[in-house]
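Working through the structure, step by step
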Amino acid sequence: MTTHTAACDCGQLSITVEGEPRGVGLCHCLSCQRRTGSVFATLAGFRPPWTVTGEATEYVRTGDQGARFRFRFCPTCGSNVFHTEDGYEDRSVSIAVGCFADPQFPPPSDSVYDIRRHPWVVLPADVEVFERDPD
């Protein structure tokens, strides 16, 4: 089984998962733009089990539909590495694709909050686009 490890910039915080991602997606919401410092977040979802090494600082944000997301980032370098949804930690973890530092990582299959996408961001033709979060 394939193992993937994502880490913060300084290497203090990492998460290791097994298998292939459940999905890879982009989020253009304003919160993700602020959280990442980029114009969108690129996330990969994985099923358990996962192993976290190092210490993380948490930030909890409530989404538009009331879900609570618990973001973990490195207290040393500030990299946002992964997050879970409260109540669903036993089902899925979302990991920032950039923290894998793997240019061969699978591309995104969907894109949410397209209403917030910067007009100069061009998506691959086969990406499924949602105006908001489809959940």
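Up top you'll find the structure we're talking about.
As the structure is a prediction and not an experimental result, all values here were calculated from the model.

As enumerated under the stated definition, the model contains six salt bridges in all. A salt bridge links aspartate 86 to arginine 70; the shortest N-O distance between them is 3.0 Å. Linking aspartate 86 in the loop between strand E8 (80-85) and strand E9 (93-96) with arginine 70 in strand E7 (residues 68-73), this pair joins segments that are 16 residues apart in sequence. Judged by relative accessible area, which is 21%, arginine 70 ranks as partly exposed. Ionic pairing is found between arginine 132 and glutamate 131, a salt bridge with its closest N-O pair at 2.8 Å. Here arginine 132 falls in the partly exposed class, since its relative accessible area comes to 46%. The network of salt bridges with shared partners includes Glu58, Arg68, Arg70, Arg72 and Asp86.

Here the focus is the sheet that holds strand E5 (residues 50-53). The strand order E1-E2-E5 describes an open sheet built from three strands, whose pairing is antiparallel. The outermost strands of the open sheet, each flanked by one partner alone, are strand E1 (3-7) and E5. Strand after strand, the sheet turns through a mean of 15 degrees between neighbouring axes, direction not considered. Across five bridges, E1 lies against strand E2 (residues 14-18) in antiparallel orientation. If you follow threonine 5 over to E2, its bridge partner there is threonine 16.

Note that strand E6 (residues 57-62) and E7 share six bridges and pair antiparallel. Opposite threonine 62, over in E7, you have arginine 68 as the bridge partner. Hairpin remark: E6 followed by E7, antiparallel, with five residues in the connecting loop; positive phi at glycine 66, about 95 degrees.

With that settled, consider the side chain of glutamine 33. Turning to its location among the elements, glutamine 33 is positioned in helix H1 (residues 30-36). With relative accessibility at 13%, the residue glutamine 33 sits in the buried group. The residues contacting glutamine 33, other than those within four sequence positions of it, are His28, Ser38, Val39, Phe40, Arg116 and His118.

Once that is clear, we can look at unusual backbone geometry. Cis geometry is adopted by the peptide bond preceding proline 49, which originates at proline 48 and carries an omega value of 5 degrees. Inspection of the secondary structure assignment puts proline 49 in the loop between strand E4 (41-46) and E5. Phi angles above zero are rare outside glycine, and alanine 101 is one such case at about 50 degrees. Within the secondary structure, alanine 101 is located in the loop between E9 and strand E10 (110-112). Here tyrosine 113, not a glycine, exhibits a phi torsion of approximately 60 degrees, which is positive. Tracing the sequence through the fold places tyrosine 113 in the loop between E10 and strand E11 (128-129).

Each pocket or cavity is described by its volume, and for the second largest pocket that value is around 280 Å³. As for the second largest pocket, its lining consists of 16 residues, and the residues nearest its centre are Thr36, Asn80, Ala96, Gly98 and Cys99. Those elements that provide at least two residues to the lining of the second largest pocket are H1 and E4. Considering every element that reaches the lining of the second largest pocket, the biggest residue donor is E4, with three residues. In terms of residue class, the lining of the second largest pocket is made up of eight nonpolar, six polar and two charged.

About the criteria used
- Residues numbered from 1 in each chain as written.
- Predicted model: local features only at pLDDT ≥ 70, side-chain atom pairs only at ≥ 80, totals over all residues.
- Heavy atoms only, no water.
- Salt bridge = Lys/Arg side-chain N within 4 Å of Asp/Glu carboxyl O.
- Helix = DSSP H or I, 4+ residues; strand = E, 2+ residues; numbered from the N terminus.
- Buried < 20%, exposed > 50% of the residue type's maximum accessible area, 1.4 Å probe, protein only.
- Pairing = 2+ DSSP bridges.
- Axes fitted to C-alpha atoms, helices over the stretch in contact; angles between N-to-C directions.
- Contact = heavy atoms within 4.5 Å.
- 1 Å grid on protein atoms, 1.4 Å probe; cavity = no way out; pocket = protein on both sides within 12 Å on 5 of 7 lines; lining within 4 Å.
- Points joined across faces, edges and corners; volume = space filled by probe spheres on them.
- Nonpolar A, V, L, I, M, F, W, Y, C, P; charged D, E, K, R; others polar.

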